[in-house]
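Topology and contacts: notes
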Amino acid sequence: MARLFISYRRKDSSGYAQTLHEDLLQAFPGMEVFRDLESIAAGEDFVDAIERELDRCNVVLVLVGPHWLSMTDAQGKRRLDNPNDPVRMEIARALTRRGVRVIPVLVGGATMPDAAELPEELSALGRRNAHEMTDKRWQYDFGELCGVLEKLPGMPMRSTATDASTQSTSNRNATADDDLPLPESFRKPVGRVIGAARKFVWGVGIFFTFIIIVAVFVGEEETSPEPAPAPAPFVADEPAPAPVAPVAPVAVASLPAPAAPAPEPERDLTGNWTMVDAQGERIPLTLTRQGNDLTLRSPRINVTQHPVWQVYNAVLIQTYGQGVTDVHFEGAGEAYERDVNFALNIFANGNVMINTGSLSLRVANSSTMTGTLRYNSGETSVVTVSRSTGAAAN
């Protein structure tokens, strides 16, 4: 069975890794996809599991996010310079194996590092041709990646159902019948009916347009004014008509031209905000905006007294023998007109990632946004985000 390994840094590209993992499982049902968060059982030796999977895989996808190269440890040293760094160990082992295709995948707007910026044992990665996955064209870029994978030795062909789904998503505006929520057996007949209907409507429209044009021209000919008769010759013995005083022109006040609407200024979302969910939980957030790019971060929030987290803690303690005392959110996103979207990572006890998700907001005004908070574990909540004057998140 074909096997694929996803290498990534949790604080750099965990959200992308999870989405890519799910998309690959759907595109290649007969392939095993390894991602440490999902694939390593509790209590299993992490290094042994990683090495075992690398020795069995056909392809290694190295997710390179915007901070992959520069991320540092608690002492301020670059993580890639540490020989015991797990990501460095994964890539170094994969590069030494014959028959394994190592593909850098750029996410979050990252660029491929030069070989000189990498440790010597990873320098070969800098010479590999990278595949870029963009947020706006994710389905298209994913389809291109699948096309590369299925051509490699030992890799299966992607699912035809996934091909249709991907094509429908990436060409959503191409034809109306692509979006019909119908079984596949009905889609083509219905599409033909819609196509015939479109041709009929076009034909009728052209016919009536022709009739209207002909009517306009005929009406113009029928209503053409007769030529004015020639003036009578001047007779000298008739008295000349009295001169008529010229009529002064009446001044007509001109209406002022409508003023052009002023362009809407870019909304400054940078600052401190407070998010309130449907249960009334309040989460302080700090937003930073540079152009259309935004980052989000919350302080560490004590959850020991929160009813929802008490239930979650009970599950964690029963499963792993340890619960959480605090959580915080980190995210990166983009603003487009009045819409703001973030990809989120949720950490517990400082640096342990326990979940990922998304936050989609609509800007109401300079101090209020509303939207939906979604966790990839399944929970969804309607939220309101209001500008606050509290201290910045740390």
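Our structure's up above, just so we're on the same page.
Definitions and cut-offs
Once a new chain begins, its residue numbering starts again from 1 and follows that chain's sequence as written. Local features in this predicted model are restricted to residues whose pLDDT is 70 or higher, and side-chain atom pairs enter the listing and the counts only when it is 80 or higher, whereas totals over whole chains, interfaces and linings include all residues. Derived side-chain values reflect all non-hydrogen atoms in the structure, with water molecules and hydrogen atoms excluded from consideration. Any Lys or Arg side-chain nitrogen found within 4 Å of a carboxyl oxygen on Asp or Glu counts as a salt bridge. By definition, any uninterrupted DSSP run of H or I lasting at least four residues is a helix, any uninterrupted run of E lasting at least two residues is a strand, and each is numbered from the N terminus. Each residue is assigned to one of three classes by its accessible area relative to the maximum for its type, calculated with a 1.4 Å probe on protein chains only: buried under 20%, partly exposed between the two thresholds, exposed over 50%. For two strands to be treated as a pair, DSSP must find no fewer than two bridges joining them. Here, two residues are considered to be in contact whenever any of their heavy atoms come within 4.5 Å of each other. Axis definition: a line fitted to C-alpha atoms, limited for helices to the stretch in contact. Angles are taken between N-to-C directions and run from 0 to 180 degrees. Put simply, a nonpolar core is a bunch of buried Ala, Val, Leu, Ile, Met, Phe, Trp, Tyr and Cys residues held in one set by side-chain atoms that sit within 4.5 Å of each other.

1. Some details on the pattern of salt bridges
Here the idea is simple: oppositely charged side chains can pair when their charged atoms come close. In this structure the tally under the stated criterion is 13 salt bridges. We note a salt bridge from Asp55 to Arg93, for which the minimum N-O separation is 2.9 Å. On the criterion of sequence distance, the pair formed by Asp55 in helix H3 (residues 46–56) and Arg93 in helix H4 (residues 86–96) is long-range, its members being 38 residues apart. Taking the relative accessible area as the measure of exposure, Arg93 reaches 29% and is therefore partly exposed. In this structure, Arg297 engages Glu330 in a salt bridge whose closest nitrogen and oxygen atoms are separated by 2.4 Å. Placement of Arg297 in strand E8 (residues 293–297) and of Glu330 in strand E10 (residues 326–336) is noted, with a sequence separation of 33 residues between them. Beyond isolated ion pairs, a larger network of salt bridges with shared partners links Glu51, Asp55 and Arg93.

2. Section: the sheet that holds strand E5 (residues 131–132)
Taking strand neighbours across the sheet as the criterion, the five strands line up as E2-E1-E3-E4-E5 in an open arrangement whose pairing is parallel. Each of the sheet's edge strands pairs with one partner strand only, and the pair in question is strand E2 (32–34) and E5. In the sheet, strand E1 (residues 3–7) pairs with E2 via three bridges, with the strands oriented parallel. Each bridged residue has a counterpart across the sheet, and for Phe5 the counterpart in E2 is Phe34. Here helix H1 (residues 10–27) sits on the sheet in contact with E1, E2 and strand E3 (59–64), set at roughly 145° to E3. H4 rests against E1, E3 and strand E4 (101–106) of the sheet, and its axis sits at about 140° to E1.

3. As for unusual backbone geometry
For Asn349, which is not glycine, the phi dihedral falls at a positive 50°. Tracing the backbone shows Asn349 in the loop between strand E11 (339–348) and strand E12 (352–365). By relative accessible area, which is 26% here, Asn349 ends up partly exposed.

4. Some details on the nonpolar core
Nonpolar side chains in soluble globular proteins generally cluster together in the buried interior. Residues Val340, Leu359 and Met369 are the most contacted members of the largest nonpolar core, which totals 29 residues. For this core, the element with the highest residue contribution is E11, accounting for five residues. Excluding anything up to four places from it in sequence, Leu359 contacts Met275, Leu296, Val340, Asn341, Phe342, Leu344, Thr372, Leu373 and Val383. Counting residues in each nonpolar core, the second largest holds 26 residues, with Ala2, Ala17, Ile103 and Phe142 among its members.

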